[in-house]
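Reading the structure
Single-letter residue listing:
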Amino acid sequence: MWVGLLWIIGVYAAAAAFVHFVHTQVRDRPSHTRYYLLKTRNNQADIEWILRSLSWNTSLTGRQTRIGVWDQGSTDDTEGIARIYSPRSCAEIQWLPSSAAAEVWMKDRQMDQVIVVDMNRKEDAANLPLH
């Protein structure tokens, strides 16, 4: 009976040590925040599913994602959809209403890699992790 109890305590201690080891490895590695700048113009049909895909990817990978949505003069409901979805997202979404705001957003992230996606160019969608 004592042998079984010692066995259980030993397995528990080994599991706790393993969890602490993994935690220190994850904590000590550099943060890998992903930055996306989405350039939109009348993209109400696409903006929600792209934001949902980026948010879903954020929750799956555990990597922080920050998204700047730069509107270039939409006349449809692109802005409204993005603003409604922003509070529900796992990713941090910031609305950039002008080129000046987009430039400031990019300048603040000059040391980081920002993936710029023009939503009116279908070949730019290859830069997005859309699962």
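Before any of the text, the structure's been laid out above.
Remember, predicted model here, so these are calculated numbers, not experimental data. (Residues numbered from 1 in each chain as written. Predicted model: local features only at pLDDT ≥ 70, side-chain atom pairs only at ≥ 80, totals over all residues. Heavy atoms only, no water.)

Focus on the environment of V19
Convention followed: Helix numbers and strand numbers start at the N terminus; a helix is a DSSP run of H or I with at least 4 residues, a strand a run of E with at least 2.
Within the secondary structure, V19 is located in helix α1 (residues 2-28). Taking the C-alpha atoms as reference points, V19 and V104, 85 residues apart in sequence, are found 41 Å from one another.

Describing a nonpolar patch on the surface
To keep it simple, the criterion reads: For patches, a residue must show more than 30% relative accessible area and have no salt bridge; joins then use 9 Å for like charges and 5 Å for nonpolar side chains, namely Val, Leu, Ile, Met, Phe, Trp and Tyr. For the area figures, the Shrake-Rupley method with a 1.4 Å probe applies, and any residue is considered shielded solely by the protein chains shown. The term salt bridge refers to a pairing of a side-chain nitrogen on Lys or Arg with a carboxyl oxygen on Asp or Glu at a separation within 4 Å. Whether a residue is buried, partly exposed or exposed follows from its accessible area with a 1.4 Å probe, protein chains only, as a fraction of its type maximum: under 20%, in between, or over 50%, in that order.
A cluster of nonpolar side chains, namely W2, L5, L6 and I9, defines an oily patch on the protein surface of about 470 Å² accessible area. By the element assignment, L5 lies in helix α1. Its relative accessible area of 41% is what places L5 among the partly exposed residues.

So, the packing of helix α2 (residues 47-61) against helix α3 (residues 78-85)
The packing of two helices is summarised by the inter-axis angle and the distance between the axes. Inclusion rule: Where helices are involved, their axes are fitted lines through C-alpha atoms of the stretch in contact, as for all axes, and angles between N-to-C directions lie from 0 to 180°. Orientation is classified from the angle alone, with under 35 degrees giving roughly parallel, over 145 giving roughly antiparallel, 65 to 115 giving roughly perpendicular, and any other angle giving oblique. Put simply, a crossing is left-handed when the front helix is turned counterclockwise from the back one by less than a right angle, and right-handed when it is turned clockwise. In what follows, a contact means two residues having at least one pair of non-hydrogen atoms within 4.5 Å. For this classification, the nonpolar set comprises Ala, Val, Leu, Ile, Met, Phe, Trp, Tyr, Cys and Pro, the charged set comprises Asp, Glu, Lys and Arg, and every other residue, Gly included, is treated as polar.
Where α2 meets α3, the axes come as close as 9 Å, and the angle between the chain directions of the two elements is 25°. Considered as vectors, α2 and α3 are oriented roughly parallel to each other. Judged by the sense of rotation from one axis to the other, the crossing of α2 with α3 is right-handed. Together, I47, E48, L51, R52 and S55 of α2 and T78, I81, A82 and Y85 of α3 make up the contact between the two elements. Here the residues of the contact of α2 with α3 are counted per class, giving five nonpolar, two polar and two charged.

Regarding the side chain of R34
Here is the rule: A 3.5 Å cut-off defines polar contacts: any pair of N or O atoms within that distance qualifies, except that in protein one atom must be a possible hydrogen donor and the other a possible acceptor, and neighbouring residues in sequence count only when both atoms are side-chain atoms.
Assignment of secondary structure puts R34 in strand β1 (residues 34-40). A distance of 2.7 Å separates polar atoms of two side chains, one belonging to R34 and the other to N57. Look past the residues within four positions of R34 in its chain and what remains in contact with it is N57, R63, Q64, T65, R66 and P129.

Section: the sheet that holds strand β2 (residues 65-71)
Whether parallel or antiparallel, the strands of a sheet pair through hydrogen bonds between backbone atoms. Note the threshold: Should DSSP find at least two bridges between two strands, the strands are regarded as paired.
Strand order in this open sheet of four strands is β3-β2-β1-β4, and the pairing throughout is parallel. Edge positions in the open sheet fall to β3 (92-96) and β4 (114-118), since each of these has one partner strand only. Across the sheet, the mean angle separating the axes of adjacent strands is 20° when strand polarity is ignored. Helix-sheet contacts for helix α4 (residues 99-108) involve β1, β2, β3 and β4, and the interaxial angle to β2 is about 160°.

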